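Commentary on secondary and tertiary structure
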Amino acid sequence: MTLYRQSGDRFIPARHHPALVLDYACNQELHAGGDQLLRGTGLHDWDMPAADKLLTPQEYLQLLSNIMRALDSADSSFMLGQQMLPGHYGALSHALLQAQNLRQALDILCLGHARLCPLLTPRLREEGGLAVLYWTDSFGAPSQLPALVEMHMTAVTAMCRWLGGQHLPWRYCINRSAPAHVEQHEVHLGSDLRFNCHLDAMLIDPCWLDRPWPRGNAMAASVALQSPEADAASLTPSLLTALYDYLLAHIRMGPTLEGSAAAFGTSPATLKRHLARHGSHFQAELDRVRAHVAMQLFQMRGYDNEAVADYLGFHDATNFRRSFKRWTGLVPSLLRNALLQS
């Protein structure tokens, strides 16, 4: 049975990411305005939270929303991202600090995402001369996704620059329209930016994955990863993350609501209710995975419409084109050409 966490489950240590947000808000003197910004967050004052204080994803999202709205600044998400990784999140942060190279750092990030970046899930793909780190929503936060993506991409960029001792030539694909001003993106990420991508991803040449980092320590990283804090049982993924991974693994078998519910040890009706609490439904999640797989096949394997349609189990390319336009708003040829040009 697949294990998962939901948006109302209390598991995020308040001294981890929420404390970082509180500290930044205090440095901006938001605490002087009183405690109204803490409403709905599970926190009751601006002091360092107790060591055993846990928040739900809903509460942490509410905290971020309150603070971002109060700051009303184009650079807030980027500034928070600068402080996010490796972080002070126990053994996993220590393992990141000792990572031998980019590959190991990204593997640790993906393994420990429930601790290191609990609101978005990173996944690493390497194929066709390209390494892609892409992000998906963990707990259903569509209105906050732009800020969360900016924060997480900045966090990875800054961490790799510090640990690797040099600027890495990342390319950024962002699933939103270009803002009126991109200065903050260029300052914190770089100038190689593409918007309207239908995927939030960071791309890099695989040759950078295995270059040694000056601070790397293989033994220290291994010891940190063997600690109880890094144990898989303490890193249970979110419902949306677990379902995405299940659908991705079974995408060529035509996954259904009924089969997915059985794999999750629940009834179809219960799975539908759980997804509704995350602002989603089964068909939306299945379509998202199909769209991501199609884009991967277009860009990393150079497949044409017929090959992708066959891979995803469509009877013909016409049905695939119709479905793809429903998923992304574009016909496959336009998006495929744009991906190959990038």
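Residues numbered from 1 in each chain as written. Predicted model: local features only at pLDDT ≥ 70, side-chain atom pairs only at ≥ 80, totals over all residues. Heavy atoms only, no water.

Our next topic: the nonpolar core. If you look at the biggest cluster of nonpolar residues, it comprises 68 residues, and the most contacted ones within it are Ile 67, Leu 85, Leu 102, Trp 135, Val 156 and Trp 170. Looking at this core element by element, the count peaks at nine residues for helix H7 (residues 145-164). Among residues more than four places away in sequence, those in contact with Val 156 are Leu 85, Leu 106, Leu 109, Leu 133, Trp 135, Trp 170 and Met 202. Formed by 40 residues, the second largest nonpolar core is a distinct cluster that contains Phe 282, Phe 298, Ala 309 and Trp 327. (Core = buried A, V, L, I, M, F, W, Y, C linked by side-chain atoms within 4.5 Å. Buried < 20%, exposed > 50% of the residue type's maximum accessible area, 1.4 Å probe, protein only. Helix = DSSP H or I, 4+ residues; strand = E, 2+ residues; numbered from the N terminus. Contact = heavy atoms within 4.5 Å.)

The strand order across the open sheet built from five strands is E3-E4-E7-E5-E6, with neighbouring strands paired in mixed fashion. Both edges of this open sheet fall to strand E3 (120-127) and strand E6 (193-195), since each of them pairs with a single strand only. Taking the axes of each pair of neighbouring strands and ignoring which way they run, one obtains an average angle of 15° across the sheet. Examined bridge by bridge, strand E5 (residues 171-174) and strand E7 (residues 200-204) share three bridges and lie antiparallel to one another. Within E7, the position partnered with Tyr 172 by the bridge is Met 202. The strands that H7 touches are E3, strand E4 (130-137), E5 and E7; relative to E7, the one it contacts most, it runs at about 25°. Packed on one face of the sheet, helix H10 (residues 239-249) meets E3 and E4 and runs near 25° to E3. (Pairing = 2+ DSSP bridges. Axes fitted to C-alpha atoms, helices over the stretch in contact; angles between N-to-C directions.)

Turning our eyes to something else, we now look at the pairing of E3. Sheet analysis places E3 next to E4, joined by eight bridges and oriented antiparallel. Residue pairing for E4: Glu 127 is matched across the bridge by Leu 130. Counting the residues that bridge the hairpin from E3 to E4 gives two residues, and of these Gly 128 lies at a positive phi of roughly 60°.

With that out of the way, let us pick up the pattern of salt bridges. On inspection of all chains with the given rule, the structure shows eight salt bridges. The closest approach of N and O atoms between Arg 301 and Glu 127, which form a salt bridge, is 2.4 Å. Taken together, the positions of Arg 301 in the loop between helix H13 (282-300) and helix H14 (305-311) and Glu 127 in strand E3 put the pair 174 residues apart, joining distant regions of the chain. A relative accessible area of 24% places Glu 127 in the partly exposed class. Several salt bridges share partner residues, and in doing so they unite Arg 103, Glu 126 and Asp 210 into one network. (Salt bridge = Lys/Arg side-chain N within 4 Å of Asp/Glu carboxyl O.)

Right, let's talk about the packing of helix H1 (residues 17-27) against helix H2 (residues 57-71) for a bit. The interhelical angle for the contact between H1 and H2, taken along N-to-C directions, is 15°, at an axis separation of 10 Å. Considering their axes alone, H1 and H2 lie roughly parallel with respect to each other. Two packed elements cross with a definite hand, and for H1 against H2 that hand is left-handed. Along its contact with H1, which presents His 17, Pro 18, Val 21, Leu 22, Tyr 24 and Ala 25, the element H2 presents Tyr 60, Leu 63, Leu 64, Ile 67 and Leu 71. Each residue belonging to the contact of H1 with H2 can be placed in one class, and the counts come to 10 nonpolar, one polar and no charged. (Parallel < 35°, antiparallel > 145°, perpendicular 65-115°, else oblique. Left-handed = near helix turned anticlockwise from the far one by under 90°. Nonpolar A, V, L, I, M, F, W, Y, C, P; charged D, E, K, R; others polar.)

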